[in-house]
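One-letter residues, chain by chain:
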Amino acid sequence: MKKILILPLLITAMQATYCKPKSRENTLVHITRPVTADTLAIYTGKYQRTIHNDLFYIDFTLIDGELIGTTLWDGNKLALKHLTGDNFIVSGLAWAVKFMRDKDNKISQVQIMGNDVWVKVKN
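Residues numbered from 1 in each chain as written. Predicted model: local features only at pLDDT ≥ 70, side-chain atom pairs only at ≥ 80, totals over all residues. Heavy atoms only, no water.

S.K.: Explain the overall build of the protein chain here, please?
M.R.: Looking only at helices and strands, the protein chain has two helices and eight strands in total. Secondary structure of the protein chain in N-to-C order comes out as α-α-β-β-β-β-β-β-β-β. The buried share of the protein chain, reckoned over its 123 residues, is 20%. Partitioning the contacts of the protein chain with sequence separation of at least 6, the portion at a separation of at least 24 is 27%. Accessible surface, the protein chain as shown: approximately 9700 Å² in total, 57% of it carbon and sulfur. (Helix = DSSP H or I, 4+ residues; strand = E, 2+ residues; numbered from the N terminus. Buried < 20%, exposed > 50% of the residue type's maximum accessible area, 1.4 Å probe, protein only. Contact = heavy atoms within 4.5 Å. Areas by Shrake-Rupley, 256 points an atom, 1.4 Å probe, with all protein chains shown as cover.)

S.K.: I would appreciate a short explanation of the side chain of Lys 120 in the present structure.
M.R.: On the secondary structure map, Lys 120 appears in strand S8 (residues 116-120). The side chain of Lys 120 sits in the buried core without any salt bridge; Asp 59 is the nearest counter-charge, 9.0 Å away. Among the polar contacts listed, one links the side chain of Lys 120 to the backbone oxygen of Thr 44, at a separation of 3.1 Å. (Lys, Arg positive; Asp, Glu negative; His and termini not counted. Salt bridge = Lys/Arg side-chain N within 4 Å of Asp/Glu carboxyl O. Polar contact = N/O pair within 3.5 Å; in protein donor to acceptor, adjacent residues only side chain to side chain.)

S.K.: How should I be thinking about the layout of surface pockets in this particular structure?
M.R.: To find leftover empty space, one rolls a probe the size of a water molecule over the atoms. Estimated volume of the largest pocket: approximately 290 Å³. Forming the boundary of the largest pocket are 19 residues, of which Ile 58, Thr 71, Trp 73, Trp 95 and Ile 112 lie nearest the centre. Listing elements by their share of the lining of the largest pocket, those giving two or more residues are strand S1 (45-51), strand S2 (54-63), strand S3 (66-71), strand S4 (76-84) and S8. Looking at side-chain class alone, the lining of the largest pocket contains twelve nonpolar, four polar and three charged residues. (1 Å grid on protein atoms, 1.4 Å probe; cavity = no way out; pocket = protein on both sides within 12 Å on 5 of 7 lines; lining within 4 Å. Points joined across faces, edges and corners; volume = space filled by probe spheres on them. Nonpolar A, V, L, I, M, F, W, Y, C, P; charged D, E, K, R; others polar.)

S.K.: Sorry, what's going on with the sheet that holds S3 here?
M.R.: Within a sheet, each strand pairs with its neighbour through backbone hydrogen bonds, oriented either parallel or antiparallel. If you trace the eight strands once around the closed barrel, you get S1-S2-S3-S4-S5-S6-S7-S8, paired in antiparallel fashion. Across the sheet, the axes of successive neighbouring strands diverge by a mean angle of 30 degrees, strand direction being ignored. (Pairing = 2+ DSSP bridges. Axes fitted to C-alpha atoms, helices over the stretch in contact; angles between N-to-C directions.)

S.K.: Before we go on, may I ask you to explain the side chain of Ser 108 in this structure?
M.R.: Checked against the element boundaries, Ser 108 lands in strand S7 (residues 107-112). A relative accessible area of 14% means that Ser 108 is categorised as buried. Once residues lying within four places of it in the same chain are set aside, the contact partners of Ser 108 are Met 100, Arg 101, Asp 102, Trp 118, Val 119 and Lys 120.

If you want it as structure tokens, here you go:
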């Protein structure tokens, strides 16, 4: 009787040891396109936000192939580092910056630090 009970336990232990799923880490292929001035150009433009009934503006431009955000009320310049997709981070400050697209897949807004939404000004 003991042999009959030990056999299923032994089979289960062998399955747990030898039948582990393969790691998918080695099978996934990540294709990333290099970020160039041409791909960053879609993010450039002037964005506005109303705070206490006053309009504030941020202008995103390309300077030496780098996306730079300039706060127009004080001239402060902040460099953005590309992470993935439409996601960036402000170099040195670790502020998350996410550009958002409209129904036509065009950049229409930017979200800074998770809750400050700036709307792109139409040119």
